[in-house]
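Examination of the molecular architecture
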Amino acid sequence: YFKYLSAVFGSDMITSVYSASTTGRRNGGMAVVAPVWNIIYSLGFLMGIGGSVIFSRKRGSEKCDGSENQYFTSAVIGAVILSILAWIGAICFERPILTFFEADGSSIVRTYALSFLLLPFNIFSTYYFQAIMKPKAAFVVSVARGLVISGILIMVLPALVNADAIWFAMPVTELLVMLYAASMIRKYTRALPGGTTYADTRH
């Protein structure tokens, strides 16, 4: 219980870090994109939770024939498609959206929003690791995003570069976590009985 609790706790901590780094008095205007972020975050949960539940149910059944890998692939592709659509919508309707939420002419949003491209995959990976009984990997992804890497970059980037560099903290964090999560997904999926990855099915 506590193994899974730690993974979920680390995942939820990301919300607090995002809020703390974007809603200060000097940069309070960034908070206007919180509703947009919540929508994209929910899309990641939609595919991550749904895909992991179906995958784990098929994997744990007596009729496990390897077809459950199709659900994993579908969830990843779905997350990518939804993130692309959300990104296109944010680009095409950027000004009306930000104006609606009372943003000024700064709202850094272009830099900060780069993290949204990788966010769905990283969320999905957390639930995928839990579904295949790899809570340690889920914990690493959650805590790295929510506290360790993001926290270090938030403190270091402004000191090494300038104050505006803080907005690169989350995009860089999501990129580093994505590289780790992708490598672990490939490793653990291959180790499963009859396990294969999407890349393997192309050969």
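Check the entry above for the structure.
Residues numbered from 1 in each chain as written. Predicted model: local features only at pLDDT ≥ 70, side-chain atom pairs only at ≥ 80, totals over all residues. Heavy atoms only, no water.

Looking now at the overall build of the protein. Helix and strand content of the protein: nine helices and zero strands. Order of helices (α) and strands (β) in the protein, N terminus to C terminus: α-α-α-α-α-α-α-α-α. Only carbon and sulfur atoms are counted for the fraction: they give 67% of the accessible area of the protein, which is about 11,300 Å². (Helix = DSSP H or I, 4+ residues; strand = E, 2+ residues; numbered from the N terminus. Areas by Shrake-Rupley, 256 points an atom, 1.4 Å probe, with all protein chains shown as cover.)

In terms of nonpolar packing, the biggest core is built from 19 residues, with Tyr41, Phe116 and Leu119 touching the most fellow members. Looking at this core, the elements with two or more residues in it are helix H2 (34–60), helix H6 (115–131), helix H7 (135–160) and helix H8 (169–191). Examining the composition of this core, we find that five residues originate from one element, H2, more than from any other. One finds Tyr128, Phe129, Ala144 and Ile185 within the second-largest nonpolar core, a separate group that totals 17 residues. (Core = buried A, V, L, I, M, F, W, Y, C linked by side-chain atoms within 4.5 Å. Buried < 20%, exposed > 50% of the residue type's maximum accessible area, 1.4 Å probe, protein only.)

This part covers a nonpolar patch on the surface. Side chains of Leu147, Val148, Ile152, Met155, Val156, Leu160 and Val161 sit close together on the surface and give an oily, nonpolar patch of about 690 Å² of accessible area. By the element assignment, Met155 lies in helix H7. Judged by relative accessible area, Met155 falls into the exposed class, the value being 63%. (Patch = residues over 30% accessible without salt bridge, like charges linked within 9 Å, V, L, I, M, F, W, Y side chains within 5 Å. Salt bridge = Lys/Arg side-chain N within 4 Å of Asp/Glu carboxyl O.)

As a further point, take the pattern of salt bridges. Here the structure, examined in full by the defined rule, presents one salt bridge. Note that Arg145 is salt-bridged to Glu174, the shortest N-O span being 3.1 Å. Here the residue Arg145 occupies a position in helix H7, and Glu174 occupies one in helix H8, the gap between them amounting to 29 residues. As far as burial versus exposure is concerned, Arg145 and Glu174 are alike and both buried.

Next up on the list: unusual backbone geometry. With the exception of glycine, the majority of residues adopt a negative phi angle, and the majority of peptide bonds are in the trans configuration. Notably, Met133 is not glycine yet its phi reads approximately 65 degrees, a positive angle. What makes Met133 exposed here is its relative accessible area of 56%.

Enumeration according to the criterion identifies three aromatic pairs in this entry. Centroid distance Tyr128 to Phe129: 6.1 Å. Interplanar angle 55 degrees. Geometry classified as tilted. A residue is classified by how much of its surface remains accessible, and Tyr128, at 1% relative accessible area, is buried. On the basis of an interplanar angle of 85 degrees and a centroid distance of 6.0 Å, the ring pair of Phe129 and Tyr188 is categorised as edge-to-face. On the criterion of sequence distance, the pair formed by Phe129 in helix H6 and Tyr188 in helix H8 is long-range, its members being 59 residues apart. Classification of Phe129 as buried rests on a relative accessible area of 0%. These aromatic residues form a ring-pair network of at least three members: Phe124, Tyr128, Phe129 and Tyr188. (Phe/Tyr/Trp six-rings, centres within 6.5 Å; stacked < 30°, edge-to-face > 60°.)

In this section: helix H3 (residues 68–92). The end-to-end C-alpha distance of H3 is 36 Å, a good match for the 36 Å that 25 residues give at a rise of 1.5 Å each. If you check which residues of H3 are buried, you get Glu68, Asn69, Phe72, Thr73, Ala75, Gly78, Ala79, Ser83 and Ala86. (Expected span 1.5 Å × (residues − 1).)

On to the side chain of Arg145. The buried category is assigned to Arg145, whose relative accessible area is 1%. In terms of polar contacts, Arg145 uses its side chain to reach the side chain of Glu174, at 3.1 Å. (Polar contact = N/O pair within 3.5 Å; in protein donor to acceptor, adjacent residues only side chain to side chain.)

The next thing to look at is the packing of H7 against H8. Packing of H7 against H8 leaves a shortest axis separation of 9 Å and a crossing angle of 155 degrees. As judged from the angle between their axes, H7 and H8 are roughly antiparallel. For the pair H7 and H8, the crossing hand works out as right-handed. When H7 is examined against H8, the residues Ala137, Val140, Val141, Ala144, Arg145, Ile149, Ser150, Leu153, Ile154 and Leu157 are found in contact with a partner set consisting of Ala169, Met170, Val172, Thr173, Glu174, Leu176, Val177, Tyr180, Ala181 and Tyr188. In terms of residue class, the contact of H7 with H8 is made up of 16 nonpolar, two polar and two charged. (Axes fitted to C-alpha atoms, helices over the stretch in contact; angles between N-to-C directions. Parallel < 35°, antiparallel > 145°, perpendicular 65-115°, else oblique. Left-handed = near helix turned anticlockwise from the far one by under 90°. Contact = heavy atoms within 4.5 Å. Nonpolar A, V, L, I, M, F, W, Y, C, P; charged D, E, K, R; others polar.)

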